[in-house]
Amino acid sequence: MNRYGWLGIIFGIWLIIAPFVLGYSNVVNAMWNDIILGILVAVVSYLTNTELRGTRVGGGGENR
C-alpha cells in the first residue's frame, strides 16, 4: 500500500458526514448525492488498498 492509500477512505467518510457538519442536510438532493458518492469513494478506495496490499514487486503469486 502506498503512503496515501487511506486518503480516499477519509474523503469518502467526509462526504458522508459533510451534509450534517456543514448544515445542508435539509437540501435532500445534495445530501443524498454526498452520502451515495461518499459510500462509493470509501468502498472503492478500500478495495483498491486491499488489492494493492496483496501484490508483490516482480509479479508475486509464486510460492517459493
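*Asks:* Is there a simple way to think about the overall build of the protein chain in this case?
*Replies:* Looking only at helices and strands, the protein chain has two helices and zero strands in total. Burial status across the protein chain gives 20% buried among its 64 residues. Once local pairs closer than 6 in sequence are excluded, the contacts in the protein chain between residues at least 24 apart make up 47%. Accessible surface, the protein chain: about 5,100 Å² in total, of which carbon and sulfur atoms supply 65%.

*Asks:* What exactly am I supposed to notice about helix α1 (residues 7–22) here?
*Replies:* Spacing of three or four residues puts side chains on the same side of an α-helix, whose turn is 3.6 residues. Its axis deflected by about 40 degrees at I16, α1 carries its strongest bend there, up to four residues before the proline P19. Of all the residues in α1, the buried ones are G8, I9, G12, A18 and P19.

*Asks:* I tried to follow the side chain of D34 on my own but got confused; where do I start?
*Replies:* In this structure, D34 sits in helix α2 (residues 28–54). Contacts of D34, omitting those with residues within four sequence positions, involve L15, I16, P19 and Y24.

Calculation rules
Residues numbered from 1 in each chain as written. Predicted model: local features only at pLDDT ≥ 70, side-chain atom pairs only at ≥ 80, totals over all residues. Heavy atoms only, no water. Helix = DSSP H or I, 4+ residues; strand = E, 2+ residues; numbered from the N terminus. Buried < 20%, exposed > 50% of the residue type's maximum accessible area, 1.4 Å probe, protein only. Contact = heavy atoms within 4.5 Å. Areas by Shrake-Rupley, 256 points an atom, 1.4 Å probe, with all protein chains shown as cover. Bend = angle between axes of the 7 residues up to and from the residue.

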